[in-house]
Amino acid sequence: MGSDHTHSAPSAPPRVRRILVVTVVPLFVATVLAAVLLWPRGGSPQTDGGADVPRYPGTVTRVVSEPCPSVPSVPEGTPRVGDGRCGTVDVRVDDGPTAGQQVRTPVPDGPGAPRVEVGDEVILVELADPTDPTTSNWNIAEHQRGTPMVWLAVIFAAAIVAFGRWRGLAALAGLAASFAILLTFVLPGISAGRSPLLVAVVGAALIMFVVLYLTHGVTAQTSVAVLGTLGSLVLTGVLATIATAATHLTGFGSEDATTLSMFQGDVDLHGLLLAGIIIGSLGVLDDVTVTQAATVTELANANPGLTRLQLYRAATRVGRAHIASTVNTIVLAYAGASLPLLLLLTADSRPIGQILTSEFLAQEIVRSAVATLGLIAAVPLTTGLAAVVTAAGRTDATASTDAPAPRPQPDRSEALAALSSPRTAGSDEPDRTRTAPPSEATDRWPKSNRSTDTAW
């Protein structure tokens, strides 16, 4: 991987590679063993989710709108339910036991109901009539979204490969691996009753190893990013545990969590909150640690004379600028995902202090704050590791080269004595670099209070 670069970073010396191997390999082995021990077995747990309603694809062939029947007046300020759409829709069933049949459904109405037109591809549900089980009613549940989503995925993948080339292809493979680990290990493990925090830490570490080495190659720079990410993940988990315990968060701060508790009562929602913080922080930590490791490497290649401290300080300045923008990214990402909640808060008549300390908003504040603290810690940790590894590699590489022996330096005291001794006419040799007589050269010798710096 990485063949798209115009130049490749020099390989680390053998001693540095051995140190990284001894450090990283045991961590990887421990992660794999933990994943094997925590891997869910015996199939997915049974959940009381009710009967599965049959769903069939269909195509709208006719829409007939009708005036809605009059309803009694309602008091002012009562929230509206639906937008008053009435009529019937004829739909051709495209698949299932009744494929090709024309069915008639009411026009979808109510909050979030889809708006349908002739030619739309929709999803039909067949509901049995509770008064007469031999008959059934058809309703439109939603639009079919498979085709546009497939095209969007194709454009997404094509753009990444076109811009990133082999590195972009590796990034897509890493993305697929992340989803595979989430769907086959993290989610089933939590559903099986394992500790959500432990499953999240192990799953995040497994994703980190696979994605970083697959995307950026097996190099010393990637190993530094791996160590920095892993250390920051552990710190984030510790901070999240302390923060949620100090604020007495239960994990029931959202409607989704409450609904989940009804279907799977054995899920630890507090642990699920911690797991969400860990998984959510991983993506941003990857970005920061890889950037810092690459920054140190490029600075060392551009100026081999920089010391470890100089490398650390220069790369940290880059990290500060990166953190300043990434913190805003984290807050806006959480705000964008919680816009309905934020709009609901604007209509709340309680004091602002009560709103901020309520469970559902305090949960988001703690999530953002902990993720930001872990992100800030990732910069000095990764930068320090990268500076040590890069400087050690440069020292080893310099020592291993067959460079000629350095030229012996003259004695400093003898040089100063020769410069300060007066010159005599009898001992002067002809100076081919001068055009003035020796007497003028003696007169031009700089006085003690004059600068001896060479003019530019």
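Going by the structure above, here's the rest.
Residues numbered from 1 in each chain as written. Predicted model: local features only at pLDDT ≥ 70, side-chain atom pairs only at ≥ 80, totals over all residues. Heavy atoms only, no water.

## Describing the side chain of Thr326
Working step 1: Here Thr326 lies in helix H7 (residues 308–337).
Working step 2: Those residues in contact with Thr326 that sit more than four places away from it in its chain are Val284 and Leu375. (Helix = DSSP H or I, 4+ residues; strand = E, 2+ residues; numbered from the N terminus. Contact = heavy atoms within 4.5 Å.)

## Side note on the pairing of strand E4 (residues 121–128)
Working step 1: Sheet topology note: the strand E1 (residues 55–66)/E4 ladder contains five bridges and is antiparallel. Paired with Thr59 across the two strands is Glu121, which belongs to E4.
Working step 2: Pairing geometry for E4 and strand E5 (residues 136–143), over seven bridges, is antiparallel. If you follow Ala128 over to E5, its bridge partner there is Ser136. (Pairing = 2+ DSSP bridges.)

## A short note on the packing of helix H3 (residues 196–216) against helix H4 (residues 220–246)
Working step 1: Interaxial distance between H3 and H4 falls to 10 Å at its minimum, and their mutual angle equals 160°. Considering their axes alone, H3 and H4 lie roughly antiparallel with respect to each other. Regarding H3 and H4, the two cross each other, and that crossing is right-handed. Side by side, H3 and H4 meet where Leu197, Ala204, Ala205, Met208, Phe209, Leu212, Tyr213 and His216 of the first sit next to Thr222, Ser223, Ala225, Val226, Thr229, Leu230, Leu233 and Thr241 of the second. (Axes fitted to C-alpha atoms, helices over the stretch in contact; angles between N-to-C directions. Parallel < 35°, antiparallel > 145°, perpendicular 65-115°, else oblique. Left-handed = near helix turned anticlockwise from the far one by under 90°.)

## Considerations on a nonpolar patch on the surface
Working step 1: Residues Val21, Val25, Phe28, Val29, Val32, Leu33 and Val36 make up a contiguous nonpolar surface patch of roughly 550 Å² in combined accessible area.
Working step 2: Locating Val25 in the fold gives a position in helix H1 (residues 14–38).
Working step 3: Since its relative accessible area comes to 43%, Val25 is described here as partly exposed. (Patch = residues over 30% accessible without salt bridge, like charges linked within 9 Å, V, L, I, M, F, W, Y side chains within 5 Å. Areas by Shrake-Rupley, 256 points an atom, 1.4 Å probe, with all protein chains shown as cover. Salt bridge = Lys/Arg side-chain N within 4 Å of Asp/Glu carboxyl O. Buried < 20%, exposed > 50% of the residue type's maximum accessible area, 1.4 Å probe, protein only.)

## Comments concerning the layout of surface pockets
Working step 1: The computed volume of the second largest pocket comes to approximately 510 Å³.
Working step 2: Lining the second largest pocket are 19 residues; nearest its centre among them are Ser254, Glu255, Asp256, Gln363 and Glu364.
Working step 3: Residue composition of the lining of the second largest pocket, grouped by class: nine nonpolar, six polar and four charged. (1 Å grid on protein atoms, 1.4 Å probe; cavity = no way out; pocket = protein on both sides within 12 Å on 5 of 7 lines; lining within 4 Å. Points joined across faces, edges and corners; volume = space filled by probe spheres on them. Nonpolar A, V, L, I, M, F, W, Y, C, P; charged D, E, K, R; others polar.)

## Structural notes on the sheet that holds E5
Working step 1: With respect to topology, five strands assemble into an open sheet ordered E3-E2-E1-E4-E5, the strand pairing being antiparallel. Edge strands, defined here as strands with exactly one partner in the open sheet, are strand E3 (102–106) and E5. Each adjacent strand pair in this sheet contributes to an overall mean axis angle of 45°, direction not counted.
Working step 2: In the sheet, strand E2 (residues 86–93) pairs with E3 via five bridges, with the strands oriented antiparallel. Counted as the bridge partner of Val89 is Thr105 from E3.

## Some remarks on the pattern of salt bridges
Working step 1: Scanning the model with the defined rule gives six salt bridges in all.
Working step 2: Between Arg55 and Glu142 there is a salt bridge; the shortest N-O distance is 2.5 Å. With Arg55 in strand E1 and Glu142 in strand E5, this pair connects stretches of sequence that are 87 residues apart.
Working step 3: Taking the shortest distance from any N to any O, the salt bridge between Arg145 and Glu142 comes out at 2.8 Å.
Working step 4: A residue is classified by how much of its surface remains accessible, and Arg145, at 44% relative accessible area, is partly exposed.
Working step 5: Residue Glu142 is classed as partly exposed on the basis of its relative accessible area of 27%.
Working step 6: Residues joined in a network through salt bridges with shared partners are Arg55, Glu142 and Arg145.

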